[in-house]
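Residue-level structural notes
Okay, here's what each chain looks like letter by letter:
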Amino acid sequence: MGLELELELEDEASIFSATTVRAHLNVAGKPVAAFRDTLAWGRNRLYGLFAESASAESLVHARSFLVDEVLREAWLKFLPEHPAGLALVAVGGYGRGELLPHSDIDLLLLHDPAALAPNKPAIEQFLAFLWDMGLEVGSSVRTPADCARAAAGDITIITTLLEARPLVGDEKLFDAMQAALAPEKVWPVADFYRAKLEEQKKRHAKFDDTGYKLEPNVKESPGGLRDIQTIAWVAKRHFGANTLHELKEKGFLTAQECSDLFAGQDFLWRVRFALHMLTGRREDRLLFDHQIKAAGLFGYVDDDKNRAVEQFMQLYYRTIKSLSCLNDLLLQLFDEAILRPDPGKPRVLNTRFQVRGGAIEARSHDVFRRNPHALIEIFLLLQQNPKITGIRAETLRLIRRDRRLVDEGLRDDVRARALFLEMFREGRGLTRNLRRMNRYGVLGRYLPAFGQVIGHMQYDLFHTLTVDEHTLYVVRNLRRFAMPEMREELPFASEIMQRVEKKELLYLGGMFHDIAKGRGGDHSEVGSADAEKFCLDHGLSHDDAELVAWLVRNHLLMSMTAQKQDVSDPEVVTTFARKIGDAKRLDHLFLLTCADIRATNPALWNSWRESLLTELYRATARAFERGLHDPIKPEEAVHEQKVMAQALLKKAQIAPAQAEAVWSRFNADYFLRHSPAELAWHLPEIGKVAEATLPLILVQPVGTRGTTVFIYMRDRDHLFGLTTGVLARLGLNILDARINTTADGFVLDSFAVTENDGAAVASGHRCDEIREQLRKVLADPLMTVVEVNRRTPARLKHFNTPTTVFFSQDVARNRTRMELVSSDRPGLLSLVGRVFHRRGILLEGAKINTVGERAEDVFVITDREHRPITDPAALDELREVLMRTLHRGEFVAEDFQLTSAA
């Protein structure tokens, strides 16, 4: 087989010849240098051919051929007599004859028991020589019997040895090993298949069963090269087939399937080849810093709608989707051929479908051609019959063959429309069904707008999945709200879901909320029109269609309000309630918002965001109960907060009069921005602290708001910058800042924080550390700067978010509102605080919002007289200074002369 591979490569690829390789190896000089130079020459030749668009198949086989020749020549230098009882064998990927530029070289030294000892020194010199020449070699030394014993107990070892290929030496040993590994001796075909299937399931689970992550693993992720290899391994064990071509010759693969597999494999090989070129090492992960460069190597350029990297990654994701479909099909074929050769009698479902061996199948080969709507019906039947395990292989083939029939005619078919809508009404099994439809190429054809977002990614850290995968996760999250067994996941959302009468409308809102991304314009508006047309075309009432369209149009409204505005402000709540309209829409939007955030970025959803959304929901629900014609006044809201806090303080034996004696110094904002539990937490500590012992610093979890850091002290310059600097230096993320100053010059500042990984501050020791570090800085009147020397995380460095600053006037509250968007980095808030301090600006409040690599923060500011900053020149100058400072990432004193804002 080894010689055949050599001849085939020389004939087909004409990249290397044995004569040319040996000529390079035998130049005068040091042998190690000659071998190293030969490998470098070969690698550079392959790089050049890659740039000329040579097929990846020819490149990986040529690399293997080059290494074959190098190893044979090296073997002859140390074992020139070809001693009997020794053989060098290629195993693993190298055994398949597939090597990337920096792949490991997996070798097996086969030996007779008596042959190893006398040749051990030469073998050790040989292996050392391989490392000296720059080959990364993984080697094992075994007899054929050793191989059989090791393989019998380890699926990985038997898999590696299945791909063995003799290179040089005594081929009788190789034949003996092959005989010892035969299925009748170790790993019968059925056991091997089950083990490989379980291995694939565990591997996929490590990637959350999706290959559509932002930084996929080209080799190991679902749909990656390992899935193709799994097919090849099972085929070799079952049929003795050494190549995918042989599977076609045996009638197991169709010509189209074989072509699709090879096309997908070639693309993924090219991606891996590019990664090896770019990194100069073995690398299988498409990390952010590689994606842009890889897109360039593949010839992509930015266009008006999508960046080059997004176009390249869309091709990648669509390729692995196709390969996942083929993987399903071929494993189902193996399942039927190996485990269930006699599936038993069929159970008829209707005139088109039946169940055999637990899986659904078409009753005739032309069922979809005669009844195209059956391409939708089969998925509904799967949903309605949860005991059916899947789709039989031949029917999967029919779906792949006939899915082109899902065209405009079928989309206009009343039967198809009724079947598709019934999936959403059925509810149970909806997500799994939609995933199947997507994987098998039906969903994107039935919903062409959805087809356009398949594999569409946004090059940022906020959206961790492609649009199609994110959409299906949103529907999944909505379904989980309706499932009693998932109630504990988000109890409040589950409670609200029980009140939703037509849950299918909510699922449709999730299905369409991002469907217009990548088409230009406001995707919410464009998607809303798509959703309304779909609903009316599918027979929903105008009221139902309007609700779905409204959800799509406003799916960002609640999250943006909660994250960028002060939800404790009654005016904010009233304005939001008027945009919502009624309690029914509030229920639907709350559920869609929770499902959307959780499906966008797992790190984004935490108890803090949940509490913000829940607080806004409850405040809006109360507004509807009271009536929007009579909104609650701030003084009423303050009174309610005090009454609830006093009920809690009563348990601590603090009378209302005692509490009011402290509270009388504080303004309404303090009571509105803190929960009754927080008010009851602060008051006893404030009441007993002596001014000489200030600052008072409290650190503890409060309700669902994560960890709160509360500071009470006399006001001082640059307090915000110093505080945020200390917190950043301690490695804490700041989620929210509530700034309040009393009439007599004291501050009541609260910061919601998490550890760098998003977890709450857990240990008492860590709380003590936060208190001590803050006290040390804030109690020092000479302290003016806290340097944050934490490095920017590597992932953030690959993105460049332009800094933008936008000002607006809050006339009702006599303040200026500043919205800042910039690249996130450690110490960002401290830098902003230093700018405010040096320019004589007071910070009245802040909403901190980090989305992936972007900081999207809102600051409420005034001048030193607590007046809004309205001078356009002063605002323009502040904008310019902020942009320069954040661009440089450092403070430059000459930028900070006091202006009219002071």
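1. Notes on the overall build of the protein chain
- Scanning the protein chain from N- to C-terminus turns up 40 helices and 17 strands.
- Structurally, the protein chain occupies a C-alpha span of about 100 × 75 × 55 Å along its principal axes.
- Classification of the 902 residues of the protein chain by burial places 57% in the buried group.
- Accessible area of the protein chain: about 37,700 Å², with a carbon and sulfur share of 50%.
- With 118 positive and 126 negative side-chain charges, the protein chain shows a spacing of 3 Å between the two charge centroids.

2. Quick notes on the packing of aromatic side chains
- Scanning the entire structure with this criterion turns up 30 aromatic pairs.
- The interplanar angle of 75 degrees and the centroid separation of 5.5 Å between the aromatic rings of Tyr-316 and Tyr-317 together place this pair among those described as edge-to-face.
- Here Tyr-317 falls in the buried class, since its relative accessible area comes to 1%.
- With a centroid separation of 5.1 Å and 50 degrees between ring planes, the pair formed by Phe-590 and Tyr-617 is classed as tilted. Residue Phe-590 is found in helix H31 (residues 583–600), and its partner Tyr-617 is found in helix H32 (residues 607–626); the two are separated by 27 residues along the sequence. Judged on exposure class, the residue Phe-590 and its partner Tyr-617 are both buried.

3. Structural notes on the nonpolar core
- Residues Leu-71, Ile-376, Phe-379, Phe-420, Met-511, Phe-590 and Leu-591 are the most contacted members of the largest nonpolar core, which totals 219 residues.
- At 16 residues, the largest contribution of residues to this core is made by helix H15 (residues 308–339).
- With residues near it in sequence (within four places) discarded, Phe-420 still touches Ile-376, Met-437, Leu-443, Tyr-446, Leu-447, Phe-534 and His-538.
- Core analysis: the second largest hydrophobic core is formed by 49 residues, Val-726, Leu-730, Val-747 and Ala-846 among them.

4. Section: unusual backbone geometry
- For the bond from Leu-694 to Pro-695, the omega torsion is 5 degrees, close enough to zero to count as cis.
- Within the element layout of this structure, Pro-695 appears in the loop between helix H36 (676–688) and strand S9 (696–701).
- Positioned with a positive phi, His-82 is a non-glycine residue whose angle comes to about 50 degrees.
- For His-82, the location among the structural elements is in the loop between helix H4 (56–78) and strand S1 (86–90).
- Taking the relative accessible area as the measure of exposure, His-82 reaches 43% and is therefore partly exposed.
- Although it is not a glycine, His-718 adopts a positive phi angle of roughly 60 degrees.
- For His-718, the location among the structural elements is in the loop between strand S10 (707–714) and helix H37 (719–729).

5. Remarks on the environment of Gln-125
- Residue position: Gln-125 is located in helix H6 (residues 116–132).
- Residue class for Gln-125 comes out partly exposed when judged on its relative accessible area of 45%.
- The sequence separation of Gln-125 and Leu-79 amounts to 46 residues, and the corresponding C-alpha distance is 10.0 Å.

6. Some details on the packing of helix H17 (residues 374–384) against helix H21 (residues 430–439)
- The geometry of H17 relative to H21 is characterised by a closest axis approach of 9 Å and an angle of 150 degrees between their N-to-C directions. Judged by the inter-axis angle, H17 sits roughly antiparallel to H21. The interaxial crossing formed by H17 with H21 has right-handed handedness. Only Leu-430, Asn-433, Arg-436 and Met-437 of H21 make contact with H17, whose side of the interface consists of Ile-376, Phe-379, Leu-380, Leu-382 and Gln-383.
- Tallied by class, the residues present in the contact of H17 with H21 amount to 6 nonpolar, 2 polar and 1 charged.

7. A short note on the confidence of the model for the protein chain
- When pLDDT is averaged along the protein chain, the result is 90, and 94% of the positions lie at 70 or above.
- Across residues 1–13 the pLDDT falls below 50, and counting only partners more than four positions away or on other chains, this stretch makes 17 contacts in the model.

8. Side note on the pattern of salt bridges
- Scanning all chains against the criterion turns up 66 salt bridges.
- Between Arg-813 and Asp-669 there is a salt bridge, with its nearest N and O atoms 3.0 Å apart. In this pair, Arg-813 sits in the loop between strand S13 (804–810) and strand S14 (815–823) while Asp-669 sits in helix H35 (residues 668–673), placing the two residues 144 residues apart along the sequence.
- A relative accessible area of 24% places Arg-813 in the partly exposed class.
- Under the relative-accessibility criterion, Asp-669 is labelled buried at 10%.
- Residue Glu-755 pairs with Arg-766 through a salt bridge whose shortest N-O separation is 2.9 Å. With a gap of 11 residues between them, Glu-755 in strand S12 (residues 746–755) and Arg-766 in helix H38 (residues 764–778) connect regions that are remote in the sequence.
- Ionic contacts of the salt-bridge type, sharing partners, join the residues Asp-566, Asp-569, Asp-669, Arg-673, Arg-813 and Arg-815 into one network.

9. Looking at the side chain of Asp-335
- Residue position: Asp-335 is located in helix H15.
- In terms of polar contacts, Asp-335 uses its side chain to reach the side chain of Arg-340, at 2.8 Å.

10. Considerations on the sheet that holds strand S8 (residues 390–391)
- Taken in spatial order, the 4 strands of this open sheet run S5-S6-S7-S8, and their pairing is mixed. Lying at the two open borders of the sheet, with one neighbouring strand each, are strand S5 (347–348) and S8.
- For S5 and strand S6 (residues 353–356), the ladder comprises 2 bridges, and the chain directions are antiparallel. Of the residues in S6, the one forming a bridge with Arg-347 is Val-355.

11. A word on the packing of H31 against H32
- Between H31 and H32, whose axes approach to 10 Å, the crossing angle comes to 175 degrees. Judged on the interaxial angle alone, H32 and H31 are roughly antiparallel. Here Ala-583, Leu-586, Asp-587, Phe-590, Thr-593, Cys-594 and Ile-597 of H31 lie close against H32, whose contacting residues are Leu-613, Thr-614, Tyr-617, Thr-620, Ala-621 and Phe-624.
- Across the contact of H31 with H32, the residue classes break down as 9 nonpolar, 3 polar and 1 charged.

12. Description of the sheet that holds strand S2 (residues 105–111)
- Taken in spatial order, the 4 strands make up an open sheet running S3-S2-S1-S4, and their pairing is mixed. Two strands in the sheet have a free side with no partner beyond their single neighbour: strand S3 (137–142) and strand S4 (165–169). Ignoring which end each strand starts from, the neighbouring axes of this sheet average 25 degrees apart.
- In the sheet, S2 pairs with S3 via 6 bridges, with the strands oriented parallel. Among the inter-strand pairings, Leu-110 is bridged to a residue of S3, identified as Arg-142.

13. A few points about helix H9 (residues 171–180)
- Of the residues making up H9, those classed as buried are Leu-173, Phe-174, Met-177 and Ala-180. The buried residues of H9 all sit within an arc of 125 degrees when viewed along its axis, so they share a single face.
- On its buried face, H9 is in contact with S1, S2, helix H7 (144–152), helix H8 (155–162) and S4.
- Between a side-chain oxygen at the N-terminus of H9 and the backbone nitrogen of Lys-172 the separation is 3.0 Å; the capping residue is Asp-170.

14. Brief notes about the pairing of S14
- A large share of S14 lies buried, amounting to 7 of its 9 residues.
- As paired strands, S13 and S14 are joined by 7 bridges and run antiparallel to one another. Each residue of the ladder has a partner; that of Thr-804, found in S14, is Val-821.
- Hairpin connection, S13 to S14: the antiparallel pair is bridged by 4 residues, and Asn-814 has positive phi, about 60 degrees.
- Bridge count between S14 and strand S17 (residues 854–862): 8 bridges; the pairing is antiparallel. Across the sheet, residue Glu-819 finds its bridge partner in S17, namely Val-858.

15. Description of the environment of Leu-557
- For Leu-557, the location among the structural elements is in helix H29 (residues 557–564).
- Ignoring sequence-local partners within four residues, the contact set of Leu-557 consists of Phe-576, Lys-579, Ile-580 and Leu-589.

16. Focus: the pairing of S10
- Across the 8 residues that make up S10, a large majority, 7, are buried.
- Direction of pairing for S10 relative to S12: antiparallel, over a ladder of 8 bridges. Following the sheet pairing, Ile-711 is matched in S12 by Asp-749.

Cut-offs used in this document
- Residues numbered from 1 in each chain as written.
- Predicted model: local features only at pLDDT ≥ 70, side-chain atom pairs only at ≥ 80, totals over all residues.
- Heavy atoms only, no water.
- Helix = DSSP H or I, 4+ residues; strand = E, 2+ residues; numbered from the N terminus.
- Buried < 20%, exposed > 50% of the residue type's maximum accessible area, 1.4 Å probe, protein only.
- Areas by Shrake-Rupley, 256 points an atom, 1.4 Å probe, with all protein chains shown as cover.
- Lys, Arg positive; Asp, Glu negative; His and termini not counted.
- Charge placed at Lys NZ, Arg CZ, Asp CG, Glu CD.
- Phe/Tyr/Trp six-rings, centres within 6.5 Å; stacked < 30°, edge-to-face > 60°.
- Core = buried A, V, L, I, M, F, W, Y, C linked by side-chain atoms within 4.5 Å.
- Contact = heavy atoms within 4.5 Å.
- Axes fitted to C-alpha atoms, helices over the stretch in contact; angles between N-to-C directions.
- Parallel < 35°, antiparallel > 145°, perpendicular 65-115°, else oblique.
- Left-handed = near helix turned anticlockwise from the far one by under 90°.
- Nonpolar A, V, L, I, M, F, W, Y, C, P; charged D, E, K, R; others polar.
- pLDDT = per-residue confidence, 0-100.
- Salt bridge = Lys/Arg side-chain N within 4 Å of Asp/Glu carboxyl O.
- Polar contact = N/O pair within 3.5 Å; in protein donor to acceptor, adjacent residues only side chain to side chain.
- Pairing = 2+ DSSP bridges.
- Arc of directions from axis to C-beta.

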